[in-house]
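Geometric and topological summary
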Amino acid sequence: MYTTKTLQDEIIRLKKEKDVCILAHAYQSQDIWEVADYIGDSYGLGLEAAKAKQNIVLMCGVRFMAETVKIISPEKKVLLSHPMAGCGMAEQMDFQALLELKKAYPDYTVAAYINTTAKLKTLCDVCVTSSSAVKIIQSLENPNILFIPDCNLGAWVQSQVPEKNIKLVQGGCPVHKLITALDVERARSVHPKAKLLVHPECPKEVFSRADYVGSTTGIIKYAKESDAREFVIGTDSSIVEHLQFACPQKKFYYLSKACSCNDMRLTTLMDVYRCVKGDGGEEILLEEETLCLAKRCVQKMMELESV
């Protein structure tokens, strides 16, 4: 029988013995954070995996994140911690639907949020993340942008880059969309001194009322560096717990208890143990054509980010 501590110790021993790099998305639980080599958002973890000396990479997150790691580092063996961990947003638009949209808007540049499948990325011109979207959309020469699939993130980008003609396609994070303006009013009333930090995947009526709008890693950084002592967190509920560990002298509150990703909750510490042991998870395998075509829009993002 294991305890959390003894299981963590065994995972750390095994990952060193078997030369496995463990990546944990920010929405994973604290016990998984503590055994990870790198913690961050999906794209940031992909970059860390590329730099890691290990040839086996375990993604504790959801499928599109593991696919992103494989796209950036096709030579590495990439494991997904739980085979059922998908993403409601990434799965909202299918290949054929995007083909039809491209026909309907032939003079538009297709910008895909990184929260999309590898197959969908093969049809896109450039990828964006929540932290890089504004800069990348600004950098594109074409004023006409077809933004998929998150309308909330797209609306936030639109508000920051009004000079672009951005066509939004119906879609978005099924978890973040549960946060409402009423949640903001309640939080402001109950915690009047707290700063409101929200993710741009939230609806416009939420992010337009925030003190800070940014990626998950941006929210964590802001909270750690701010002189404020109280914060309302408008993203996955796990971030409240992580910030409580990181900043025990500050207070953190949920904007909505409904904002909790069930797919992220699927991965347990025991799943991580089984993966590093060699009898768990799922290896991510992508066809060569998919890898090559999907990498083009990811590579374009990397180029524009570095400008």
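No experiment lies behind these values; they were computed from the predicted model shown.

Rules used in this analysis
- Note on numbering: residues in each chain are counted from 1, in written sequence order.
- For a predicted model such as this one, the threshold for reporting local features is a pLDDT of at least 70, and the threshold for listing and counting side-chain atom pairs is 80 or more; totals across whole chains, interfaces and linings nevertheless cover every residue.
- Excluded from the side-chain calculations are hydrogens and water; all other atoms, namely the structure's heavy atoms, are used.
- Count a disulfide wherever a pair of cysteine sulfur atoms falls within 2.5 Å.
- We call two strands paired when DSSP finds no fewer than two bridges between them.
- Secondary structure elements are defined from DSSP: runs of H or I of at least 4 residues count as helices, runs of E of at least 2 residues count as strands, and each element is numbered from the N terminus.
- An axis is simply a line fitted to the C-alpha atoms; with a helix, the fit covers only the stretch in contact. Between two such axes, the angle follows the N-to-C directions and lies from 0 to 180 degrees.
- A crossing counts as left-handed when the near helix is turned anticlockwise from the far one by less than a right angle, and as right-handed when that turn is clockwise.
- Working rule for contacts: check all heavy atoms of both residues, and any pair within 4.5 Å makes them a contact.
- Residues are grouped as follows: Ala, Val, Leu, Ile, Met, Phe, Trp, Tyr, Cys and Pro are nonpolar; Asp, Glu, Lys and Arg are charged; every other residue, Gly included, is polar.
- Partly exposed describes any residue whose relative accessible area lies between the buried limit of under 20% and the exposed limit of over 50%, with all areas from a 1.4 Å probe on protein chains only and scaled to the type maximum.
- For the purpose of charge, His is not counted, nor are the chain termini; Lys and Arg are scored as positive and Asp and Glu as negative.
- Definition used for salt bridges: Asp or Glu carboxyl oxygen within 4 Å of a side-chain nitrogen of Lys or Arg.
- Any two of the Phe, Tyr and Trp rings considered here, Trp counted by its six-membered ring, make a pair once their centres fall within 6.5 Å; the pair's planes then place it as stacked at under 30 degrees, edge-to-face at over 60, or tilted in between.
- Think of it as a cone above the ring: NZ of Lys or CZ of Arg counts as a charge over the ring if it is within 6 Å of the ring centre and within 35 degrees of the ring normal.

Quick word on the state of the cysteines
- Counted by the stated rule, this structure contains zero disulfides.
- Lacking any disulfide linkage, C124 is separated from the closest cysteine sulfur, that of C297, by 5.5 Å.
- Unpaired in this structure, C292 has its nearest cysteine sulfur neighbour in C297, at a distance of 13 Å.

Side note on the sheet that holds strand 7 (residues 144-148)
- Across the sheet, which stays open at both edges, the four strands sit in the order 6-5-7-8 with parallel pairing between neighbours. Strands at the two margins of the open sheet, each flanked by one partner only, are strand 6 (126-128) and strand 8 (165-168). Neighbour-to-neighbour, the strand axes of the sheet open up by a mean angle of 30°, direction not taken into account.
- In this sheet, strand 7 lies alongside strand 5 (residues 109-113) in parallel orientation, the contact comprising four bridges. The partner of A112 across the bridge, within strand 7, is I148.

Quick word on the sheet that holds strand 4 (residues 77-80)
- A sheet is described by the order of its strands in space; here five strands give the open sequence 2-1-3-4-13, paired in mixed fashion. What marks the edges here is a single partner per strand, and that holds for strand 2 (38-40) and strand 13 (282-283).
- Where strand 3 (residues 56-60) meets strand 4, four bridges bridge the pair, whose relative direction is parallel. Its bridge partner being in strand 4, M59 is matched across the sheet by L80.

Points about the packing of helix 11 (residues 216-225) against helix 12 (residues 238-246)
- At a minimum axis distance of 11 Å, the contact between helix 11 and helix 12 shows a crossing angle of 35°. Seen along the crossing, helix 11 lies across helix 12 with a hand that is right-handed. For the pair helix 11 and helix 12, contact is made by T216, I220, A223 and K224 and by I239, L243 and A246, respectively.
- Grouping the constituent residues of the contact of helix 11 with helix 12 by class yields five nonpolar, one polar and one charged.

Let's talk about helix 8 (residues 151-160)
- In terms of burial, helix 8 is largely enclosed, as seven of its ten residues are buried.
- All of the buried residues along helix 8 are C151, N152, L153, G154, A155, W156 and V157.
- On its buried side, helix 8 packs onto strand 5, helix 7 (133-139), strand 7, strand 8, helix 10 (204-207) and strand 10 (212-213).

As for the side chain of K70
- Looking at the element boundaries, K70 is found in helix 4 (residues 63-72).
- It is E283 that comes nearest to the buried, bridge-free K70 among opposite-charge side chains, at 5.1 Å.
- With residues near it in sequence (within four places) discarded, K70 still touches K76, V78, I284, L286 and L291.

Examining the packing of aromatic side chains
- The tally for this structure, following the rule as stated, stands at four aromatic pairs.
- Taking 5.4 Å as the distance between ring centres and 15° as the angle between the ring planes, the aromatic pair formed by F231 and F252 counts as stacked. With F231 in strand 11 (residues 230-234) and F252 in strand 12 (residues 251-254), the pair connects residues that are 21 residues apart, well separated along the chain.
- Look at F252 and you get buried, because its relative accessible area is 6%.
- The side chain of K119 reaches across the aromatic face of F95, ending 5.0 Å from its centre.

Honestly, it's all geometry; don't read function into it.
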